[in-house]
Structure formats: structure tokens, C-alpha cells
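Breakdown of the fold
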Amino acid sequence: LSVVLVDMHNKRQRVVSQSRGLNASASLSPDGQFVALALSQDRKVDLYVKNLAGGQDRRLTNDIYVESSPCWAPDGQTLCFVSDRVGKPQLYLLSVQGGKPQRLQTGGNECVSPDWSIVSNKLCYSTKSNSGQYVVAVLDMKQKNPMPQIVTAAAGDWEAPSWAPDGRHLVCVRSSGRNRDLYIVDSWLKTITAISHGANLSL
């Protein structure tokens, strides 16, 4: 599989990465100059940043753990990503210049699929609740020690959240029974609105 950059305005596309092995979890930087992605160039799944102008890859992690799902901070200087380095998926922050990842305090449950709003500087992600179902949580990254706020209370598994341009609303998948439908979630009022009905959608 390859990572492809699509220019929606000019209806053009080009291959960004087609390394041997995994090419996945691509995320475009706020200024559009870089792509963070997960590659398995030496049979280890690590994070890389690619310069779109020159095409050079810069490796950010090099360990035995699986890193994935990078997303960019609004200033383009930090990435949030998922790693299993403590035995289950958790969220970490890492400077795009490299260094030691810092684990976010999100509780002890699994955390996946982070997305960082450029407008509100809030981080959303899906986390497994104590009941065993996935819910969507939000961290206000403007705070020094942000505490998770659960924004989905309805039954079902809530997965793959992504911020709307207003930094308030989220679109995500709700799995309930045999259906996987898209929903809009108001992170302020915690209300939900279905976009699809009886579908089988993801991501």
C-alpha cells in the first residue's frame, strides 16, 4: 500500500510514500509542508516525518514497540501518537525534532485514534471505558495538566473521532448491533446527531 496526497482543488494526486512494508497513518502538518506517518522499513513500525518538498524521511522513533496514528499540534512542533510501549495502546507526545516520548495522563484504559484541533487546541480520541465499550474523550491541551472529558454517553462503541473545522464538533463512528453509522457529536453540549442510518462505515 502507498500513501497518496490528493489536491482536491486542482484534482491532482501524487504518491508520497511507497516504502517496502507498511505505509500508514499519514497526517499532514498544519502548514502542509510535512507528513507524519508510520513505516516498517526494517520490520519495526516506527514514526517518520517526510518533507513533501524534498521527499526526505526523518525517523522519530526506533524501538520494538508499535507506533501509529500520529496527529499534529496546532503549532506544527509536536505530534500525538499511539504506542503500545506499556502493554496496551496509550497516547504520547513527541517533538518533531525527536527526543523521548511523553505519555499523556488519560487513565489506564486503551486509547486510540487521536485528532488535534487547530482551532480549539483540544485533543480527541477513543478510549475503552470500564464497561468495556469505547467512548470519545477530549483533552484541553491549553491546560497544564488536562483531564479527560467524556463527550459520548449513548450506548455503543464510539470510534475514530475527527474534529470539524469549528473545533467544537466531532464526527465519529458509532457501532451498535450490526450497524456502524457516522455521527456528529457536539463536544460542548454532548448531543449527538446521526449522519447515516443502518450503514457499515469506518474511519
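Below is a summary of the structure that appears in this document.

Cut-offs applied
Residues numbered from 1 in each chain as written. Predicted model: local features only at pLDDT ≥ 70, side-chain atom pairs only at ≥ 80, totals over all residues. Heavy atoms only, no water. Core = buried A, V, L, I, M, F, W, Y, C linked by side-chain atoms within 4.5 Å. Buried < 20%, exposed > 50% of the residue type's maximum accessible area, 1.4 Å probe, protein only. Contact = heavy atoms within 4.5 Å. Salt bridge = Lys/Arg side-chain N within 4 Å of Asp/Glu carboxyl O. Helix = DSSP H or I, 4+ residues; strand = E, 2+ residues; numbered from the N terminus. Pairing = 2+ DSSP bridges. Axes fitted to C-alpha atoms, helices over the stretch in contact; angles between N-to-C directions. Phe/Tyr/Trp six-rings, centres within 6.5 Å; stacked < 30°, edge-to-face > 60°. Lys NZ or Arg CZ within 6 Å of the ring centre and 35° of its normal. Disulfide = S-S within 2.5 Å.

**A look at the nonpolar core**
Counting residues in each nonpolar core, the largest one holds 14 residues, and the members touching the most others are Cys 80, Leu 91, Leu 104, Trp 116, Leu 123 and Met 141. In contact with Leu 91, other than residues within four places in its own chain, are Cys 80, Phe 81, Val 82, Gln 102, Arg 103, Leu 104, Thr 106, Cys 111, Pro 114, Leu 123 and Tyr 125.

**Things to note about the pattern of salt bridges**
A full pass over the atoms with the stated rule returns nine salt bridges. Taking the shortest distance from any N to any O, the salt bridge between Glu 159 and Arg 180 comes out at 3.3 Å. Placement of the pair is Glu 159 in strand E15 (residues 157–163) and Arg 180 in strand E17 (residues 179–186), with a sequence separation of 21 residues. Glu 159 sits in the partly exposed class, given a relative accessible area of 25%. On the basis of relative accessibility, which here comes to 24%, the residue Arg 180 falls in the partly exposed class. Because the salt bridges share partners, they merge into one network encompassing Asp 42, Asp 46 and Arg 59.

**Remarks on the environment of Pro 165**
Inspection of the secondary structure puts Pro 165 in the loop between E15 and strand E16 (169–176). Its relative accessible area of 76% is what places Pro 165 among the exposed residues.

**Observations regarding the sheet that holds strand E4 (residues 34–39)**
Taken together, the four strands give an open sheet; going across it, the order is E3-E4-E5-E6, and neighbouring strands pair in antiparallel fashion. What marks the edges here is a single partner per strand, and that holds for strand E3 (23–28) and strand E6 (57–59). On average, adjacent strands in this sheet sit at an angle of 30° to one another, irrespective of strand direction. In the sheet, E4 pairs with strand E5 (residues 46–51) via six bridges, with the strands oriented antiparallel. What sits directly across from Phe 34, in E5, is Asn 51.

**Points about the packing of aromatic side chains**
Per the stated rule, a full pass over the model turns up two aromatic pairs. Judged by centre distance (5.9 Å) and plane angle (25°), the rings of Phe 81 and Tyr 92 are stacked. Of this pair, Phe 81 sits in strand E8 (residues 78–83) while Tyr 92 is found in strand E9 (residues 90–95), placing the two residues 11 residues apart along the sequence. The burial state of Phe 81 is the same as that of Tyr 92; both residues are buried. Ring centres of Trp 158 and Tyr 183 lie 5.2 Å apart, and the angle between their planes is 70°; this geometry places the pair in the edge-to-face category. In this pair, Trp 158 sits in strand E15 while Tyr 183 sits in strand E17, placing the two residues 25 residues apart along the sequence. Looking at Arg 85, its charged tip hangs above the ring of Tyr 92, at a distance of 5.3 Å from the centre.

**Observations concerning the state of the cysteines**
All chains considered together, the criterion is met by zero disulfides. Of all cysteine sulfurs in the structure, the one in Cys 80 sits closest to Cys 111, which takes part in no disulfide; the separation is 9.3 Å. Note on Cys 124: no disulfide assigned, nearest cysteine sulfur contributed by Cys 71 at a separation of 7.9 Å.

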